[in-house]
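Next come the chains, spelled out residue by residue.
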Amino acid sequence: MNRWNYINKYVNKREDLLSLVAYACLKKRYLTPALDLAKVLKTTSMGRKNATYITTLFLMKRLILEYIFDDINLNNIKLPFINDNLLGIVFNYIQTKKVKKEKSKIIIFDRNKKYIVFPNKNYNIVIKEYLNNKLIKKEIFW
């Protein structure tokens, strides 16, 4: 939560440290604070790659919200494939598989897994992952 201290201290000096703070935010699923850091990752190749990864995840979150509330078609949107983050995995399912939509929930079935995706009252994305109908993971993307 002290990201601005790091941003102001290390901008244009230590993108490796700023990237580390950004990935710490992602580990806590704080996409918005990570996005603040992504804005200043621009002077090194690795910094630019990290910024692209972070902004892609944030865009996926925003597009899922639009899909839920405004029923936009996500099939024609081309984004990098992200398979190491639950939000990226769910976004890919929404684009490529038949999903079930109930009011403001998305239900995805894949073999013995089920994902339920919905916004909370603060318009964050909540993803519940079930294996054999047993909840194994719940993540909230802020």
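Not measured: the values here are computed from a predicted model.

Calculation notes
Residues numbered from 1 in each chain as written. Predicted model: local features only at pLDDT ≥ 70, side-chain atom pairs only at ≥ 80, totals over all residues. Heavy atoms only, no water. Helix = DSSP H or I, 4+ residues; strand = E, 2+ residues; numbered from the N terminus. Rg over C-alpha atoms; globule rule 2.2 N^0.38 Å. Buried < 20%, exposed > 50% of the residue type's maximum accessible area, 1.4 Å probe, protein only. Contact = heavy atoms within 4.5 Å. Phe/Tyr/Trp six-rings, centres within 6.5 Å; stacked < 30°, edge-to-face > 60°. Lys NZ or Arg CZ within 6 Å of the ring centre and 35° of its normal. Pairing = 2+ DSSP bridges. Axes fitted to C-alpha atoms, helices over the stretch in contact; angles between N-to-C directions. pLDDT = per-residue confidence, 0-100.

**Brief notes about the overall build of the chain**
Here is step 1: Counting its secondary structure elements, the chain contains five helices and five strands.
Here is step 2: Scanning the chain from its N terminus toward the C terminus, one meets helices and strands in the order α-α-α-α-α-β-β-β-β-β.
Here is step 3: Relative to the 2.2 N^0.38 estimate, which gives 14 Å for 142 residues, the radius of gyration of the chain is 16 Å and therefore close to what a compact globule would have.
Here is step 4: Considering only C-alpha atoms, the chain reaches an extent of 45 × 30 × 25 Å along its principal axes.
Here is step 5: Split into buried and exposed, the 142 residues of the chain put 44% on the buried side.
Here is step 6: Within the chain, residue pairs in contact and separated by at least 24 positions form 43% of the contacts whose partners lie at least 6 positions apart.

**What to know about the packing of aromatic side chains**
Here is step 1: In the structure shown here, the tally under the stated rule is four aromatic pairs.
Here is step 2: Here Y30 and W142 contribute two aromatic rings whose centre-to-centre distance is 5.2 Å and whose plane-to-plane angle is 85°, an arrangement assigned as edge-to-face. Linking Y30 in the loop between α2 (15–27) and α3 (31–38) with W142 in the segment after β5 (134–141), this pair joins segments that are 112 residues apart in sequence.
Here is step 3: Between the NZ or CZ atom of K105 and the centre of the ring of F118, over which it lies, the distance is 5.8 Å.

**Some thoughts on the sheet that holds β5**
Here is step 1: Pairing is antiparallel in the open sheet, where five strands are placed in the order β1-β2-β3-β4-β5. The sheet is open, and its two edges are formed by β1 (100–102) and β5, each paired on a single side. Strand after strand, the sheet turns through a mean of 20° between neighbouring axes, direction not considered.
Here is step 2: The strands touched by helix α4 (residues 45–70) are β1, β2 (105–110), β3 (113–119), β4 (125–131) and β5; relative to β3, the strand with the most contacts, the crossing angle is about 85°.

**Topic: unusual backbone geometry**
Here is step 1: One non-glycine residue with positive phi stands out, namely R29, at about 65°.
Here is step 2: Phi angles above zero are rare outside glycine, and D71 is one such case at about 55°.
Here is step 3: Positionally, D71 belongs in the loop between α4 and α5 (86–96).

**Re the confidence of the model for the chain**
Here is step 1: Confidence in the prediction for the chain averages 91 pLDDT; 98% of positions are at 70 or higher.
Here is step 2: Model confidence for the chain, summarised as mean pLDDT per element, is weakest for helix α1 (residues 3–10) at 74 and strongest for β4 at 97.

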